[in-house]
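The residues making up each chain are set out below.
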Amino acid sequence: MVKPTNDGKTYTFELRKDAKWDDGSQVTANDFVVALQRQVNPKTKSQRAQRLQDFVGYKNASTGKAKPSTLGVKALGKYKLQIQLTHAVPYFDYILASQIYPVNIEALNKWGSKYDTDAAHAVSNSAYKIKDWNSSKDSWNLEKNKQYYDADKVKIKKINFQVVKTPQTGLNLFEAKKKFKKLRFLAIPSPWPLNSIKMSWSKVSMASWLPALE
């Protein structure tokens, strides 16, 4: 992880030059800048805007008193990104790893408000790309992204997801030992009744996603 400077308030990143979106275009620092400015812009009504509350300029940008461009994030070069915080945040590594994502600027400009609303309007720079998904479906797939920089090490080619709306239904599916030909994840409401299931692994965290393998 990057070590912050300026008493823990400044993070400067050198991005991977081989990181690509699944359309083959490169991931750049501006992809992060646009994403974060869009996230804090009150016009987008992002439910994740508050995740950036420790950024310089967040309060005014998020309330419309200042332009989103005043948020404490900027591109110092094509692959160099800098984030400025108002104070040191001990858990900021977690925020970086789980709460901050870039957008594909070209796709965003092309699709506008449809961006990331379904699989046909989604792009990925990770090991997988999403398929057969929209906000109303109970199942979807992830397929290996051939443009991923480390694709040679991705051994699982496809992952199937299925939403289970009640814990009891999820439990029934699990105990029925349904024959899954491919890796499948059951998305279930927490809390999952773990004490009623005989697990084959030693540790399971209480989460909304549990792997069901046969």
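Look up a bit, the structure's there.
Given the structure is predicted, the values throughout are model-derived calculations rather than measurements.

(A) Fine view of the pattern of salt bridges. Across all of its chains, the model carries three salt bridges by this definition. In this structure, Lys 80 engages Glu 14 in a salt bridge whose closest nitrogen and oxygen atoms are separated by 3.9 Å. With Lys 80 in strand S3 (residues 80-84) and Glu 14 in strand S1 (residues 10-14), the pair connects residues that are 66 residues apart, well separated along the chain. Judged by relative accessible area, which is 56%, Glu 14 ranks as exposed.

(B) Local environment of the pairing of strand S5 (residues 139-144). Alignment of strand S4 (residues 128-131) against S5, held across four bridges, turns out to be antiparallel. By the bridge assignment, Lys 129 is partnered in S5 with Glu 143. As paired strands, S5 and strand S6 (residues 158-163) are joined by five bridges and run antiparallel to one another. Of the residues in S6, the one forming a bridge with Asn 141 is Asn 160.

(C) Local environment of helix H1 (residues 29-40). Spanning twelve residues, H1 covers 17 Å between terminal C-alpha atoms, matching the ideal 16 Å at 1.5 Å per step. The element H1 is largely enclosed, with a buried count of nine among its twelve residues. Every buried residue of H1 is listed here: Ala 29, Asp 31, Phe 32, Val 33, Ala 35, Leu 36, Gln 37, Gln 39 and Val 40.

(D) Highlighting the sheet that holds S1. Read across the sheet, three strands follow the order S1-S3-S2 without closing on themselves; strand pairing throughout is antiparallel. Each edge of the sheet is formed by a strand with only one pairing partner; in this case those strands are S1 and strand S2 (73-77). Across this sheet, the average inter-strand angle for adjacent strands is 20 degrees, counted without regard to direction. Along the sheet, H1 contacts S2 and S3; its crossing angle with S2, the most-contacted strand, is approximately 170 degrees.

(E) Fine view of the packing of aromatic side chains. Overall, the coordinates contain six aromatic pairs when judged by the stated rule. Between the aromatic rings of Trp 140 and Phe 161, the centroid separation amounts to 5.5 Å while the plane-to-plane angle is 5 degrees, which identifies the pairing as stacked. Of the two residues, Trp 140 sits in strand S5 while Phe 161 sits in strand S6, which places them 21 residues apart along the sequence. The buried category is assigned to Phe 161, whose relative accessible area is 12%. Chaining the aromatic ring pairs together yields one cluster made of Tyr 11, Phe 13, Phe 55 and Phe 92.

(F) Layout of the environment of Ala 127. When you line up the elements, Ala 127 lands in the loop between helix H4 (105-111) and S4. Separated by 105 residues in sequence, Ala 127 and Asp 22 have C-alpha atoms that sit 9.4 Å apart. Those residues in contact with Ala 127 that lie beyond four places of it in its chain are Glu 143, Lys 144, Asn 145, Tyr 148 and Val 154.

(G) Layout of the nonpolar core. Leu 52, Phe 55, Leu 71, Val 73, Ile 83, Phe 92 and Ile 100 are the most contacted members of the largest nonpolar core, which has 32 residues in total. Of all elements in the fold, only S1, H1, helix H2 (58-62), S3, helix H3 (92-98) and H4 reach the threshold of two or more residues within this core. At six residues, H1 tops the list of elements feeding residues into this core. In contact with Val 73, not counting residues within four places along its chain, are Val 33, Leu 36, Gln 37, Phe 55, Leu 81, Gln 82 and Ile 83.

(H) Examining unusual backbone geometry more closely. With phi around 55 degrees, Lys 45 is a residue other than glycine that occupies positive phi space. Despite not being glycine, Asp 116 shows a phi value in the positive range, around 65 degrees. Within the secondary structure, Asp 116 sits in the loop between H4 and S4. Since its relative accessible area comes to 41%, Asp 116 is described here as partly exposed.

(I) Region of interest: the environment of Ser 62. Mapping Ser 62 onto the fold places it in helix H2. The class for Ser 62 is buried, based on a relative accessible area of 19%. For the pair formed by Ser 62 and Gln 39, sequence separation is 23 residues and the distance between their alpha carbons is 8.7 Å. Apart from the residues within four sequence positions on either side, Ser 62 is in contact with Val 40 and Pro 42. Within the structure, Ser 62 has its side chain in polar contact with the backbone oxygen of Lys 59 (distance 3.1 Å).

How each quantity is defined
Residues numbered from 1 in each chain as written. Predicted model: local features only at pLDDT ≥ 70, side-chain atom pairs only at ≥ 80, totals over all residues. Heavy atoms only, no water. Salt bridge = Lys/Arg side-chain N within 4 Å of Asp/Glu carboxyl O. Helix = DSSP H or I, 4+ residues; strand = E, 2+ residues; numbered from the N terminus. Buried < 20%, exposed > 50% of the residue type's maximum accessible area, 1.4 Å probe, protein only. Pairing = 2+ DSSP bridges. Expected span 1.5 Å × (residues − 1). Axes fitted to C-alpha atoms, helices over the stretch in contact; angles between N-to-C directions. Contact = heavy atoms within 4.5 Å. Phe/Tyr/Trp six-rings, centres within 6.5 Å; stacked < 30°, edge-to-face > 60°. Core = buried A, V, L, I, M, F, W, Y, C linked by side-chain atoms within 4.5 Å. Polar contact = N/O pair within 3.5 Å; in protein donor to acceptor, adjacent residues only side chain to side chain.

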